[in-house]
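# Structure assessment
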Amino acid sequence: MRRVGITLASVFGAGVVAIGIGVIVVVVIAVNSLTGAAKSATADAVPTCPDVATKTVGGIVVPAGPVGGFCQDRLVNAAYVIQAAQALGIGPHTQAVGVMTAIGESSLVNLDHGDAAGPDSRGLFQQRDNGAWGTYEQRMDPYTAASMFYAKLVKVPGWKTMTPTQLAHAVQINSDPDHYARFWPEAKAVVEGLTGQTVPDAAPES
């Protein structure tokens, strides 16, 4: 009888422990789910932009924002990229390719520094100091940097038929050819918001 009593107590105790572990697992899953949802909400949050007057860049009116998730300080740089493309007769699709590339390289910030992979990289497009991208002053000037980007882009064989990320990679030679793809929706929204034009996902003429 004593052995049976011990066995029942052991079984009862094990059951309590199992229930306790189950409750803990459920709580942990719930907390992780809520945390993940909070992070997702934060990532998708629309920025609150300063209430500032509009600016004009080459005929492009730049609002306070947000447009495509960016405020005016970065939208001004996007406007220079668009302006440089327009000066070369490049249409809205490929204007967005330039904006997408600048988002992928610098988040539309005119960076005066590089990174571990390219410590000599500078500007919106993180162009290297290797003789192919002009002087420091040219790389740090958004309009000139964008003009150099597009000048190289239109020399890429078959550039009119490439996907946006393929084209950006052909110019930038990023370690990941698909690096820029996730920035395409924001780039389209920025170009459409600043120019009023519809940006197609592919445009044979540009």
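Before reading on, note that the structure itself is shown above.
Notes on the structure in this doc start here. (Residues numbered from 1 in each chain as written. Predicted model: local features only at pLDDT ≥ 70, side-chain atom pairs only at ≥ 80, totals over all residues. Heavy atoms only, no water.)

### What about the state of the cysteines?
The condition that has to hold: For the purposes of this analysis, a disulfide is any pair of cysteine sulfur atoms at a distance within 2.5 Å. Counting from the N terminus, the helices are DSSP H or I runs at least four residues long and the strands are E runs at least two residues long. Three labels apply to residues, based on accessible area from a 1.4 Å probe with only protein chains included: buried if under 20% of the type maximum, exposed if over 50%, partly exposed otherwise in between.
With the rule as written, the count across this model stands at one disulfide. The side chain of Cys49 participates in a disulfide bridge whose partner is Cys71; the two sulfur atoms lie 2.0 Å from each other. Between Cys49 and Cys71, the disulfide has an S-S torsion of -85° and is therefore left-handed. Linking Cys49 in the loop between α1 (2–43) and β1 (55–57) with Cys71 in the loop between β2 (60–62) and α2 (72–87), this pair joins segments that are 22 residues apart in sequence. With respect to burial, Cys49 and Cys71 carry one shared label: buried.

### A word on the packing of helix α3 (residues 92–106) against helix α6 (residues 164–172)
Formally: As a rule, the C-alpha atoms of each element are fitted with a line to give its axis, helices using only the stretch in contact, and angles between N-to-C directions run from 0 to 180 degrees. In a left-handed crossing the near helix is turned counterclockwise from the far helix by less than a right angle, and in a right-handed crossing that turn is clockwise. By definition in these notes, contact holds between two residues if any of their heavy atoms fall within 4.5 Å. In the scheme used here, Gly and all other residues not listed as nonpolar or charged are polar, with Ala, Val, Leu, Ile, Met, Phe, Trp, Tyr, Cys and Pro taken as nonpolar and Asp, Glu, Lys and Arg as charged.
As a packed pair, α3 and α6 sit with axes 10 Å apart at the nearest point and diverge in direction by 65°. In terms of crossing hand, the pair formed by α3 and α6 is right-handed. Across the interface between the two elements, His93, Thr94, Val97, Met100, Thr101 and Glu105 of α3 pack against Pro164, Thr165, Leu167, Ala168 and Gln172 of α6. Among the residues making up the contact of α3 with α6, the classes are represented as five nonpolar, five polar and one charged.

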